[in-house]
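Observations on the three-dimensional arrangement
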Amino acid sequence: MMKKLFTLCIFLMISQVWAQKIEVSGQITDESGQPLPGAAVQLKTTTKGVTANFDGKYTIQAQLGEILIFSYVGFATQEVVVTQKVLNVTLQQGKELEEVMIVAYGNAKNSTKVSSSVATVTAESIEQVPVNSLDQVLSGAASGVTLNGYNGQGQTITIRGRSSVSGNMGYHNPQYQATNESYKEINENTFKRAALTPLSTFSIDVDKASYSNVRRMINNGMEVPADAVKIEEMINYFDYQYDQPKDRHPLAIHTEVGVTPWNKDTKLVKIALQGKEIPLEKIPPSNFTFLIDVSGSMSSQNKLPLLKAAFKLMVEKMRNEDKVAIVVYAGAAGMVLEPTSGDNKEKILKALNNLQAGGSTAGGAGIELAYKIASENFIKDGNNRVILATDGDFNVGRTSRSDMETLIENKRESGVYLSVLGFGMGNYKDDRLELLADKGNGNHAYIDTMQEAYKIFGKEFGGTLYTIAKDVKLQLEFNPNTVQAYRLIGYENRLLNDEDFKDDTKDAGELGAGHTVTALYEIIPVGVDSKYLKDVDDLKYTNTGTPKIHSSNELLTVKIRYKKPNKNKSIELKEIVESKVSKTNSDDFNFTAAVALFGMQLRNSQFHNNSKLEDVVALAESGRGEDANGYRAEFIRLVKSTSTK
């Protein structure tokens, strides 16, 4: 009897120890030892989980003996039993994923192969689920499959996915492949003859939404619409090592010339601006108004729940001298938090936690109220900004592009800036949100994961939310004696008339603290035959014949105009770029070229010159550089997982 009692006590003691909760931490890397930022860590059989930070590090509460599931897009999922407090995990590139097709209510099945690796789900486990419950299916074990079906209203639904994240970790979950998303049409820039059109004028763009949106589509196995690919936003998503301004101006010009990696007969010119970095403690007091869409379309996990988590990162960055109000809109608009100081974070976070989605979307009314509150609490010489967070699905009130444009143009005269954050998929209105940000003297970003939220609100808080130069315009004058033709890569939606450059009434882009702006021009030198140039007749009154090569080594002159945030008169800077090609291209030159080439391939551009994805990877790897935060490594993985068929 005593022996049995002793055995039972030992068993109970071991069970008690085994059931103890501990804090498990570690790092998630790929096979080369590079961190996997944003990798998912989930407790098996639960919906509890966390994502890794930019160093691939994670911390999670678990019991000894529980199983952790480690997953990352494009990598094989790995299960690990918790036996100790430190668990470092190496994930391997995935191979294949079964694709399941469900027609109507799932009675017909078909399967093909997709390049990726995700959690397994059987057709039987989802066969009986009504199509109007697909969101529930995808939030659980079925995330990571491809579903095709009908929504009961005569429309076909295609859902593609490649993420193994499930349950409340569903920020990576696949959604309806398109469908009701909208993008402004892009007509790709072509080559212009320098003798006929020596000036090229455009507004800067610090928006980064296109890259994270394209990344979301690729990671979810979706086809990328050509108009969703804005090459300038993809390039400007990344950080570059440009020198800080050294004079009184808040920005500095940097240029570099090299041979075009995808065309040995042309030159590639990089024009870059570096905004002055300003420490957070030196940024003037901020008056923020959060304008949050809580309509029914925001109910998905990757919309309002992700939005709330993202805004909490920003609240943690707020100082005592900063204040924030929260306005929500659905069928109507209302204030749920009066202007509150940053030293009362508990009150702000409570207001965020209480937000719930439901109703239609009165976007115009919400904007009106948000600007009214921001204006009433205006801080002179401070940082006054409305931050709109939505999927862009305005369907009540002022909804047309022209109405919204007029509304925002009128509101920006108040001195209040507008930042626009896009969330979700399926009905994401990129074109509308881009318009609002452009007309509101602000920027536009797309948040698809907590990793992206941390990038915007954690690492780039100052640049995202504090403007150091407004109405920034660039104008390049090409020397027809050395340049036969040129084309601007990207910026199609930012082009200006040449006479707009000196017109201070013409709106242009804003530059935030520490922000960089990069533009690429592909140049056909004088004397080079090119398939991209067609013959034109000589003009009677203008000399348009092939210029003779003069001794001048000037390639172009770049001019910049900007205004100080509280001024209305512009200041001009100028720099001459010589035609000398660098013997060794910088890492930043190679990497920007790689991103541009990838964008051209996604758009099926006529100018990528039959290049392959392997060319993009090789170019990006040659320009990877230090890459402390792993963004460039992530880009390389993204390209490797892409199919441009």
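The structure under discussion appears in the preceding block.
Residues numbered from 1 in each chain as written. Predicted model: local features only at pLDDT ≥ 70, side-chain atom pairs only at ≥ 80, totals over all residues. Heavy atoms only, no water.

**Comments concerning the overall build of the protein chain**
Looking only at helices and strands, the protein chain has 15 helices and 27 strands in total. Counting all 645 residues of the protein chain, 56% fall into the buried class. In the protein chain, the proportion of contacts linking residues at least 24 apart, taken out of those at least 6 apart, comes to 73%. A total of about 27900 Å² of accessible surface is found on the protein chain, and carbon and sulfur atoms cover 48% of it. (Helix = DSSP H or I, 4+ residues; strand = E, 2+ residues; numbered from the N terminus. Buried < 20%, exposed > 50% of the residue type's maximum accessible area, 1.4 Å probe, protein only. Contact = heavy atoms within 4.5 Å. Areas by Shrake-Rupley, 256 points an atom, 1.4 Å probe, with all protein chains shown as cover.)

**Structural notes on the pattern of salt bridges**
All told, the structure shown has 28 salt bridges when counted by the stated rule. Salt-bridge contacts for Lys230 lead to Asp430; the nearest nitrogen and oxygen are separated by 2.7 Å. Of this pair, Lys230 sits in the loop between helix H4 (209-219) and helix H5 (231-235) while Asp430 sits in helix H10 (residues 430-439), and the two are 200 residues apart along the sequence. Using a relative accessible area of 3% as the deciding quantity, one classes Lys230 as buried. For Asp430, a relative accessible area of 2% corresponds to the buried category. Across the salt bridge formed by Arg412 and Asp507, the nearest N and O atoms sit 3.5 Å from each other. Of this pair, Arg412 sits in the loop between helix H9 (401-411) and strand E20 (417-423) while Asp507 is found in the loop between strand E23 (483-489) and strand E24 (509-512), placing the two residues 95 residues apart along the sequence. (Salt bridge = Lys/Arg side-chain N within 4 Å of Asp/Glu carboxyl O.)

**Examining the packing of helix H13 (residues 587-602) against helix H15 (residues 631-640)**
Packed helices, taken two at a time, are described by their axes: the angle between them and the distance between them. Taken N-terminus to C-terminus, the directions of H13 and H15 make an angle of 35°; their axes are 12 Å apart at the nearest point. In the packing of H13 onto H15, the handedness of the crossing is left-handed. For the pair H13 and H15, contact is made by Asp587, Asp588, Phe591, Ala594, Val595 and Phe598 and by Arg632, Phe635 and Val639, respectively. Classifying every residue of the contact of H13 with H15 by side-chain character gives 6 nonpolar, no polar and 3 charged. (Axes fitted to C-alpha atoms, helices over the stretch in contact; angles between N-to-C directions. Left-handed = near helix turned anticlockwise from the far one by under 90°. Nonpolar A, V, L, I, M, F, W, Y, C, P; charged D, E, K, R; others polar.)

**Let's talk about H15**
An α-helical segment advances 3.6 residues per turn. Residues three or four places apart therefore align on the same side. Of all 10 residues in H15, 9 are buried, a share of seventy percent or more. If you check which residues of H15 are buried, you get Tyr631, Arg632, Ala633, Glu634, Phe635, Ile636, Arg637, Leu638 and Val639. Buried-residue contacts for H15 involve H4, helix H11 (450-459), H13 and helix H14 (613-622).

**Remarks on a nonpolar patch on the surface**
The grouping of Leu196, Val536 and Leu539 at the surface amounts to a nonpolar patch, some 240 Å² of accessible area in total. Residue position: Leu539 is located in the loop between strand E25 (516-525) and strand E26 (554-563). (Patch = residues over 30% accessible without salt bridge, like charges linked within 9 Å, V, L, I, M, F, W, Y side chains within 5 Å.)

**Let's talk about unusual backbone geometry**
Notably, Asp471 is not glycine yet its phi reads approximately 50°, a positive angle. Position of Asp471 relative to the elements: it lies in strand E22 (residues 467-478). Positive phi values are uncommon outside glycine, yet Asp627 reaches one of about 50°. Summarising the element assignment, Asp627 is placed in the loop between H14 and H15.

**Considering the packing of H13 against H14**
It is at 7 Å that the axes of H13 and H14 come closest, and there the two elements cross at 160°. With respect to H14, the axis of H13 lies roughly antiparallel. The element H13 and its partner H14 pack so that their crossing is left-handed. Residue-level inspection shows Asp587, Asn590, Phe591, Ala593, Ala594, Leu597, Phe598 and Gln601 of H13 in contact with H14, the latter providing Leu613, Asp615, Val616, Leu619, Ala620 and Ser622. Along the lines of polarity and charge, the residues of the contact of H13 with H14 split into 9 nonpolar, 3 polar and 2 charged. (Parallel < 35°, antiparallel > 145°, perpendicular 65-115°, else oblique.)

**Here we look at the pairing of E20**
Within E20, 7 of the 7 residues are buried, leaving the element largely enclosed by the surrounding structure. Judged by which residues are buried, E20 turns out to be covered on both faces: Tyr417, Ser419, Leu421 and Phe423 on one side and Leu418, Val420 and Gly422 on the other are all buried. Where strand E19 (residues 383-390) meets E20, 6 bridges bridge the pair, whose relative direction is parallel. Pairing of Val386 across the sheet is with Leu418, part of E20. Across 4 bridges, the pairing between E20 and strand E21 (residues 444-447) is parallel. Looking at the pairing, Gly422 lines up with Tyr446 of E21. In this fold, E20 hands off to H10, which returns the chain to E21; that crossover is right-handed. (Pairing = 2+ DSSP bridges. Right-handed = clockwise from strand over helix to strand, strands pointing away.)

**Quick look at H4**
With 11 of 11 residues buried, H4 is to be regarded as a mostly interior element. Burial in H4 covers these residues: Ala209, Ser210, Tyr211, Ser212, Asn213, Val214, Arg215, Arg216, Met217, Ile218 and Asn219. Looking at the packing, one finds that the buried side of H4 touches H5, H10, E21, H11, H13 and H15. The positive-phi residue at the C-terminal boundary of H4 is Gly221, with phi of around 70°.

**Details of the environment of Ser579**
Mapped onto the elements of the fold, Ser579 is located in the loop between strand E27 (571-578) and H13. What makes Ser579 buried here is its relative accessible area of 12%. When the C-alpha atoms of Ser579 and Leu555 are compared, they prove to be 4.8 Å apart, with 24 residues separating the residues in sequence. Excluding its chain neighbours within four sequence positions, the residues that come into contact with Ser579 are Val257, Lys267, Asn553 and Leu555. At 2.5 Å, the side chain of Ser579 forms a polar contact with the side chain of Asn553. (Polar contact = N/O pair within 3.5 Å; in protein donor to acceptor, adjacent residues only side chain to side chain.)

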